[in-house]
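Observations on the model geometry
Spelled out, the chains give:
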Amino acid sequence: MVKTLISILIALGLLIGISIFQMIHIEREFADFSAQLEALYDKTEAQTATREDAEAVRVSWNEKKKTMHIWVPHTDISYVDYWLSEGLSLIDTKQYDQALSKIEVLIDICRKIPSSYSFSVENVL
Amino acid sequence: MGLLFCIFFSSLAKDKRMALIFIRTVIIYVTLLLIMRLMGKRQIGEMQPFEFVITLLIAELACIPMADISIPLLYGIVAIVSIYLLHQIVCLIDLYCKPLKYLISGKPSVVINRNGIDEYQLKKNSLDVSDLMESLRTAGYFSLSSVEYALYEASGSFSALPKAGYEEEQTSVPLVIIDGGEYDEKNIKLTGMPLSFFENVLKKQGIKKHKKVLVLTLDGTGKIYLQEYGKKRVIFNVQLPEGVAW
């Protein structure tokens, strides 16, 4: 009885702990990345974005990705990778108008991925 | 053996995806082993309904993240730990809360008692007389008249209390002639006797229609087990024609 209760409490604690940590961690990481993308968007809109700016965003994403793989499906991460590569290469070639739409998609993805981990009826069902 | 290991590990080194699957499999295997060990011996032996559900789910939960490397391994582990948590809660209910235990695990059903077959219990468990006969044979009893009591446990296993000296009575395999109000033409042919023989048997017992009979069996010595719907069983002997035996 005591052993079972302890095992229930441990399992429950682990599950609650992991889910809270996951929610906070993902939300924070994507909010941070989203802020970086918005800054890049503003620079791109002003046509002042440089290769270094784009590279800084990529390095930051690559760093976040390392821990993100534990929590987020790898397909979601490769989706961000794909749009980021397209956007950054367009900035590199100074095609700012086209790069804007790619960065906009990325900002949208960064909003949607964390919301898919929140407790809501649509996510449960 | 050593060569096989060399080939295996060198292929792992070349194909990273294969190595990933190998590592993921090891992690899931160790997690499952740990969880099954924590669940206790009951999980390995005869299973209760909730244990069976868990075993089915765990197998599926373990396979998906193991083989699909796009899914984080943590998803599989969290699902398995959740199943473990539910299992432990249900185990506690099973041990300490009798009304809920019956709701979750079910109750044993006594399908044969001193009055014969309990047709209500049979129907309740979605079984018919032939299923019951099969269970009896599996348990080593070939005749309905060999057992005093028989029951299906909550786990689905079959238990029976035999009559004293039942082994001496089991000299011939009884054939089911009427099952649930219907004649079994195949078994009637096997007895080598006409249908009118059985109609006469029913008439002598005061039964006008065979539809009213739940079960009628006949063995090679002429022993008949007869039970009408809603009535007690009757066991008697009839004289079989010369040369008829099996």
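Some details on empty space enclosed by the protein
The method is simple in principle: a probe with the dimensions of a water molecule rolls over the atoms, and the space it marks as empty is what remains. Residues and elements named next belong to chain B. Considering all chains together, one arrives at one cavity of 30 Å³ or more under this definition. There is about 80 Å³ of room inside the largest cavity. In terms of residue count, the dominant contributor to the lining of the largest cavity is strand β8 (residues 223-228) (three residues). Considered class by class, the residues forming the lining of the largest cavity number four nonpolar, six polar and three charged.

Describing the sheet that holds strand β7 (residues 213-218) of chain B
Residue and element names in this part refer to chain B. With respect to topology, five strands assemble into an open sheet ordered β6-β5-β7-β8-β9, the strand pairing being antiparallel. One side of each edge strand has no neighbouring strand; the edge strands of this open sheet are β6 (182-183) and β9 (233-237). Where β7 lies against β8, five bridges are found, and the strand directions are antiparallel. Paired with V215 across the two strands is Q227, which belongs to β8. Each of β5 (175-179), β6, β7, β8 and β9 touches helix α10 (residues 195-204); the most contacted strand, β7, lies at about 120° to it.

Focus on the interface of chain A and chain B
With 18 residues of chain A in contact, the opposing surface of chain B contributes 15 residues. Overall, the association of chain A and chain B removes approximately 1,400 Å² of surface from exposure, summing both partners, and the carbon and sulfur fraction of that is 77%. The tally of links from chain A across to chain B stands at zero salt bridges. Remark: the boundary between chain A and chain B carries five residue pairs in polar contact (both at pLDDT 80 or more). Counting only elements with at least two residues in the side of chain A that touches chain B, the list comes to α1 (2-45), α2 (51-71) and α3 (74-92) of chain A. At nine residues, α1(A) tops the list of elements feeding residues into the side of chain A that touches chain B. Residue composition of the side of chain A that touches chain B, by class: 12 nonpolar, six polar and no charged.

Let's talk about the environment of P162(B)
All names here are of chain B. Following the sequence through the fold, P162 ends up in strand β4 (residues 158-162). Given a relative accessible area of 28%, P162 falls into the partly exposed group. Between the C-alpha atoms of P162 and S146, which are 16 residues apart in sequence, the distance is 5.8 Å. Not counting chain neighbours up to four residues away, the residues in contact with P162 comprise Y141, S146, V147 and E148.

Here's the deal with the packing of α1(A) against α2(A)
Residues and elements named next belong to chain A. Viewed as axis vectors pointing N to C, α1 and α2 meet at an angle of 165°, and their least axial separation amounts to 11 Å. In terms of orientation, α1 lies roughly antiparallel with respect to α2. Handedness of the α1/α2 crossing: left-handed. Of the residues belonging to the contact of α1 with α2, the class tally is 12 nonpolar, five polar and five charged.

Focus: a nonpolar patch on the surface
A surface patch of nonpolar side chains, about 810 Å² in accessible area, is lined by M1(A), V2(A), L5(A), I6(A), I10(A), L14(A), L95(B) and Y96(B). Elements with a minimum of two residues in the nonpolar patch: α1 of chain A together with α4 (73-96) of chain B. Here the element with the most residues in the nonpolar patch is α1(A); it accounts for five residues. Position of L14(A) relative to the elements: it lies in helix α1.

Observations concerning the side chain of S146(B)
Mapping S146(B) onto the fold places it in the loop between α7 (129-138) and β3 (147-152). With residues up to four places along the chain from it excluded, the contact list for S146(B) reads Y141(B), P162(B), K163(B), Y166(B) and Q170(B).

Points about the packing of aromatic side chains
Under the definition given, this model contains seven aromatic pairs over all chains. Through pairs of rings, three or more aromatic residues link up here, namely F30(A), F33(A) and W61(A). The ring of Y102(B) has K107(B) sitting right over it, with the charged end atom 5.1 Å from the ring centre.

Topic: the pairing of β7(B)
Residue and element names in this part refer to chain B. For β7, a buried count of six out of six residues is recorded, marking the element as mostly surrounded by other parts of the structure. The pairing of β5 with β7 spans four bridges and is antiparallel. Residue L175 lies in a different strand from β7, and its bridge partner there is L218. Count of turn residues in the β7/β8 antiparallel hairpin: four residues, of which G222 carries a positive phi of about 95°.

Calculation notes
Residues numbered from 1 in each chain as written. Chains lettered and ligands numbered in written order. Predicted model: local features only at pLDDT ≥ 70, side-chain atom pairs only at ≥ 80, totals over all residues. Heavy atoms only, no water. 1 Å grid on protein atoms, 1.4 Å probe; cavity = no way out; pocket = protein on both sides within 12 Å on 5 of 7 lines; lining within 4 Å. Points joined across faces, edges and corners; volume = space filled by probe spheres on them. Helix = DSSP H or I, 4+ residues; strand = E, 2+ residues; numbered from the N terminus. Nonpolar A, V, L, I, M, F, W, Y, C, P; charged D, E, K, R; others polar. Pairing = 2+ DSSP bridges. Contact = heavy atoms within 4.5 Å. Axes fitted to C-alpha atoms, helices over the stretch in contact; angles between N-to-C directions. Buried area = accessible area lost by both parts, 1.4 Å probe. Salt bridge = Lys/Arg side-chain N within 4 Å of Asp/Glu carboxyl O. Polar contact = N/O pair within 3.5 Å; in protein donor to acceptor, adjacent residues only side chain to side chain. Buried < 20%, exposed > 50% of the residue type's maximum accessible area, 1.4 Å probe, protein only. Parallel < 35°, antiparallel > 145°, perpendicular 65-115°, else oblique. Left-handed = near helix turned anticlockwise from the far one by under 90°. Patch = residues over 30% accessible without salt bridge, like charges linked within 9 Å, V, L, I, M, F, W, Y side chains within 5 Å. Areas by Shrake-Rupley, 256 points an atom, 1.4 Å probe, with all protein chains shown as cover. Phe/Tyr/Trp six-rings, centres within 6.5 Å; stacked < 30°, edge-to-face > 60°. Lys NZ or Arg CZ within 6 Å of the ring centre and 35° of its normal.

None of this, on its own, says anything about what the molecule does.
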